[in-house]
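The chain contents come next:
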Amino acid sequence: MGRFAPSPTGPLHIGSLIAAVGSYLEARSRGGRWLLRMEDLDTPRIVPGAAAGILATLERFGFEWDGGIVYQDQRRAAYAAALERLQAEGLAFPCACTRRELADSALARDGSHRYPGTCRNGLPPGRQARAWRVRAEGVVSFDDRIQGPQLEDLARDVGDFVVLRADRLHAYQLAVVVDDAEAGVTDVVRGADLLDSTGRQIHLQQALGIPTPTYAHLPVATNAAGEKLSKQTLASAVAEQPPAAALLAALRFLGQNPPPALAGAPTREIWQWALPNWQLAAVPRSRHAPSPQP
């Protein structure tokens, strides 16, 4: 069972379409279900109307999902219960540190500041908790189905990480683990920008006693400056492009080489070719590549 989990912080762009196509074809080609989840937990970043726009775009491109759409904003109780379990088992601790206080700490693999352990053994005198962190200990290894063997020393490469933010919102790492487990997701296919998050997620899965899915991290589409396509880098909305052309561009980016005869074909015919011909092994084994052109 696979899933696609966009964040409604803006319209769907070609990078998000690539992730949707890869996850959809991997699930459907294996006879599996494909779920849709809106990761709208980070409310300050949510753009009104973006979720509806994403759904309309997916429908226009011919995607069909199974079951109802899950909205993270409606699942806060489930995240709170998972945090309570971590707290009860002594795996999470309160932290009083501010971002400014952590600004000089070493960088983790994903570019964030690695936590120096200031509050690990108790809050400093006179300080109050602002957030909750999970103790990052041990080595996590997994075999990514695209990027190959991965290994992460949590203490060295990440440090204790936040699961409840200072604004009282549960962090992405915890929410995604809880959601995937409850939905029964067995195969996660997503962009390689999340590859460095996987070690933390597996660590949480092990701490919570829930299964670890398989992972396949697709190359991330980048602009001319080598930046990941996003709202911040002014990526254009895929809804503004002809669906068939954008779909073919996504397939080429993923190494699938659709035949030239499909140029100008309706999306239905493109899906009819793509499903039986999908090969995960053909996806380029790289973290990023220039954005495809429809």
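To keep things clear, this report deals only with the structure shown in the data block. (Residues numbered from 1 in each chain as written. Predicted model: local features only at pLDDT ≥ 70, side-chain atom pairs only at ≥ 80, totals over all residues. Heavy atoms only, no water.)

Notes on the layout of surface pockets
Considering only enclosed or pocket space, the second largest pocket measures out at about 160 Å³ in volume. For the second largest pocket, the lining is made up of 14 residues, of which L35, G68, V70, D179 and A183 are closest to its centre. Looking at the lining of the second largest pocket residue by residue, the classes come out as five nonpolar, two polar and seven charged. (1 Å grid on protein atoms, 1.4 Å probe; cavity = no way out; pocket = protein on both sides within 12 Å on 5 of 7 lines; lining within 4 Å. Points joined across faces, edges and corners; volume = space filled by probe spheres on them. Nonpolar A, V, L, I, M, F, W, Y, C, P; charged D, E, K, R; others polar.)

Some remarks on the pattern of salt bridges
Here the structure, examined in full by the defined rule, presents 20 salt bridges. With its nearest N and O atoms 3.0 Å apart, the salt bridge here joins R37 to E39. The pair formed by R37 and E39 is uniform in burial state, with each residue classed as buried. R165 is the salt-bridge partner of D42, the closest N and O atoms lying 3.1 Å from each other. Here D42 is found in the loop between β2 (34–38) and α2 (50–60), whereas its partner R165 is found in the loop between β8 (161–164) and α6 (172–183), with 123 residues between them in sequence. Among the residues examined, R165 registers a relative accessible area of 24% and is labelled partly exposed. Connected through shared salt-bridge partners, R3, R37, E39, R75, D179, D180 and E182 make up one network. (Salt bridge = Lys/Arg side-chain N within 4 Å of Asp/Glu carboxyl O. Buried < 20%, exposed > 50% of the residue type's maximum accessible area, 1.4 Å probe, protein only. Helix = DSSP H or I, 4+ residues; strand = E, 2+ residues; numbered from the N terminus.)

Observations concerning unusual backbone geometry
Residue R168 is not a glycine yet carries a positive backbone phi of 70°. Mapped onto the secondary structure, R168 falls in the loop between β8 and α6. R168 sits in the partly exposed class, given a relative accessible area of 48%. Look at N257: it is not a glycine, yet its phi comes out positive at around 50°. Along the chain, N257 turns up in the loop between α8 (243–253) and α9 (267–277).

Description of the packing of helix α3 (residues 76–88) against helix α7 (residues 198–208)
For the pair α3 and α7, interaxial distance at closest approach is 10 Å and the crossing angle is 75°. One way to sum up the angle between α3 and α7 is to call them roughly perpendicular. The segment α3 lies against α7, with A82, R85 and L86 engaging L204, A207 and L208. Taken together, the residues that form the contact of α3 with α7 break down as five nonpolar, no polar and one charged. (Axes fitted to C-alpha atoms, helices over the stretch in contact; angles between N-to-C directions. Parallel < 35°, antiparallel > 145°, perpendicular 65-115°, else oblique. Contact = heavy atoms within 4.5 Å.)

Quick word on the sheet that holds strand β4 (residues 92–95)
Strand order in the open sheet made by the three strands is β4-β5-β8, with antiparallel pairing throughout. Both outer strands of the open sheet, β4 and β8, are each paired with one neighbouring strand and no more. Strand-to-strand twist across the sheet, computed as the mean angle between neighbouring axes with direction ignored, equals 45°. When β4 meets strand β5 (residues 131–134), the two strands line up antiparallel, connected through four bridges. Its bridge partner being in β5, C95 is matched across the sheet by A131. The strands that α7 touches are β5 and β8; relative to β8, the one it contacts most, it runs at about 55°. (Pairing = 2+ DSSP bridges.)

With respect to the sheet that holds strand β3 (residues 70–71)
Spatial strand order, β1-β2-β3: three strands in an open sheet with parallel pairing. Edge positions in the open sheet fall to β1 (2–4) and β3, since each of these has one partner strand only. The pairing of β1 with β2 spans three bridges and is parallel. Bridging across to β2, G2 finds its partner in W34. Sheet contacts for helix α1 (residues 14–29): β1 and β2; angle to β1, the most-contacted strand, approximately 160°. Along the sheet, α2 contacts β1, β2 and β3; its crossing angle with β2, the most-contacted strand, is approximately 155°.

Topic: the pairing of strand β7 (residues 148–153)
For strand β6 (residues 139–144) and β7, the ladder comprises six bridges, and the chain directions are antiparallel. Its bridge partner lying in β7, V139 is registered against D153. As consecutive antiparallel partners, β6 and β7 are separated by three residues.

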